[in-house]
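Listed here are the chains, written in short residue letters.
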Amino acid sequence: MRKIVANLFVSLDGVVEAPDTWTFPYFDEEVGRAVGEGFASSDALLMGRVNYQEWAAVWPTREGPLADTVNGIHKYVVTTTLDTVEWTNSSIVTGDVAAEITALKEQPGRDIAMSGSGRLVEWLLHAGLLDELRLLVYPVLVGRGRRLFDAPTPQRALDLLAAKTYRTGVVDLTYRPSGN
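Now for a description of the structure that goes with this document. These numbers were taken from a predicted model, which means no experiment stands behind them.

Here's the deal with the packing of aromatic side chains
Now for step 1: For the coordinates displayed, the defined rule picks out five aromatic pairs.
Now for step 2: Between F9 and Y138, the ring centres sit 5.4 Å apart and the planes meet at 70 degrees, which makes this aromatic pair edge-to-face. Here F9 is found in strand β1 (residues 4-11), whereas its partner Y138 is found in strand β6 (residues 132-138), with 129 residues between them in sequence.
Now for step 3: On the basis of relative accessible area, F9 is assigned to the partly exposed category, the value being 22%.
Now for step 4: Geometrically, the ring pair formed by W22 and Y138 is edge-to-face, given 5.7 Å between the ring centres and 80 degrees between the ring planes. Highlighted residues: W22 in the loop between β1 and α1 (29-40) and Y138 in strand β6, separated in sequence by 116 residues.
Now for step 5: Put simply, the rings of F9, W22, Y26 and Y138 pair up and form one aromatic cluster.
Now for step 6: Taking the ring centre of W59 as reference, the NZ or CZ of R62 above it sits at 4.7 Å.
Now for step 7: Across from the ring centre of W87, 4.4 Å away, lies the NZ or CZ of K75, which sits over that ring.

What follows is the structure, given as structure tokens:
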């Protein structure tokens, strides 16, 4: 069975929103390799609507190995408001989202990656559908913006699978929900 692996940039104060405004001072070749690893084991990308619209506005015009990967990978967009998606290799997940995502996990293939879509990550975790949570924690306090777990959440134990610290102070943490 395929795994859903969420890869998120998060500040020390838990902000995941608008990482393009606070990650660049810490983004070097080492962190770039870590980001690339998030896509290397995947052949699909799961996204929420907001993340999809932000990425669809910029990635189709970019070039290079990461752009080739992002543009070429199949993108599954969880949305209740979009009727169509125009970006190459994109399709909508709607209706019984839990059943649709379970069916995706049961299809043959490699991991299903996520990069961003904090609300969807939170929902997947609580629905028991998220297999791994990889956080690149940046040494910065952003002060405002959507936090990964903004809403009150039930207690959930996670097992630490890996931890690395990079030269720029970014800490790479990989967790699995306990019991998985």
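There's more to say after this.
Looking at the sheet that holds strand β3 (residues 74-78)
Now for step 1: Taken in spatial order, the eight strands make up an open sheet running β4-β3-β2-β5-β1-β6-β8-β7, and their pairing is mixed. If you trace the sheet from one side to the other, it starts and ends with β4 (90-93) and β7 (158-165), each paired once. If you compare each strand with its neighbour and ignore which way they point, the axes differ by 25 degrees on average.
Now for step 2: Here strand β2 (residues 42-48) runs beside strand β5 (residues 111-115); their pairing, made up of three bridges, is parallel.

A few points about the side chain of S90
Now for step 1: For S90, the position within the fold is in strand β4.
Now for step 2: At 2.9 Å, the side chain of S90 and the backbone oxygen of W87 are in polar contact.
Now for step 3: Apart from the residues within four sequence positions on either side, S90 is in contact with Y52, H74, K75 and V85.

Digging into the layout of surface pockets
Now for step 1: When its volume is computed, the largest pocket comes out at roughly 1500 Å³.
Now for step 2: Along its surface, the largest pocket is lined by 44 residues, and N51, E54, W55, S115 and G116 are the ones closest to its centre.
Now for step 3: Elements with a minimum of two residues in the lining of the largest pocket: β1, α1, α2 (49-58), α3 (65-72), α5 (118-127) and β6.
Now for step 4: Tallied by class, residues from the lining of the largest pocket come to 22 nonpolar, 14 polar and eight charged.

Concerning the pairing of β2
Now for step 1: Of all the seven residues making up β2, six are buried; the element is thus mostly covered by neighbouring parts of the structure.
Now for step 2: For β2 and β3, the ladder comprises five bridges, and the chain directions are parallel. Bridging from a neighbouring strand, A44 pairs with H74 of β3.

Comments concerning the pattern of salt bridges
Now for step 1: Under the defined criterion, the tally for this structure stands at ten salt bridges.
Now for step 2: Between R33 and E29 there is a salt bridge, with its nearest N and O atoms 3.1 Å apart. Linking R33 with E29, this pair stays in helix α1, spanning four residues, or about one helical turn.
Now for step 3: Among the residues examined, R33 registers a relative accessible area of 46% and is labelled partly exposed.
Now for step 4: A salt bridge links E30 to R167, with the shortest nitrogen-to-oxygen separation between them at 3.8 Å. Of this pair, E30 sits in helix α1 while R167 sits in the loop between β7 and β8 (171-177); the two residues are 137 residues apart in sequence, bridging distant segments of the chain.

Thresholds applied
Residues numbered from 1 in each chain as written. Predicted model: local features only at pLDDT ≥ 70, side-chain atom pairs only at ≥ 80, totals over all residues. Heavy atoms only, no water. Phe/Tyr/Trp six-rings, centres within 6.5 Å; stacked < 30°, edge-to-face > 60°. Helix = DSSP H or I, 4+ residues; strand = E, 2+ residues; numbered from the N terminus. Buried < 20%, exposed > 50% of the residue type's maximum accessible area, 1.4 Å probe, protein only. Lys NZ or Arg CZ within 6 Å of the ring centre and 35° of its normal. Pairing = 2+ DSSP bridges. Axes fitted to C-alpha atoms, helices over the stretch in contact; angles between N-to-C directions. Polar contact = N/O pair within 3.5 Å; in protein donor to acceptor, adjacent residues only side chain to side chain. Contact = heavy atoms within 4.5 Å. 1 Å grid on protein atoms, 1.4 Å probe; cavity = no way out; pocket = protein on both sides within 12 Å on 5 of 7 lines; lining within 4 Å. Points joined across faces, edges and corners; volume = space filled by probe spheres on them. Nonpolar A, V, L, I, M, F, W, Y, C, P; charged D, E, K, R; others polar. Salt bridge = Lys/Arg side-chain N within 4 Å of Asp/Glu carboxyl O.

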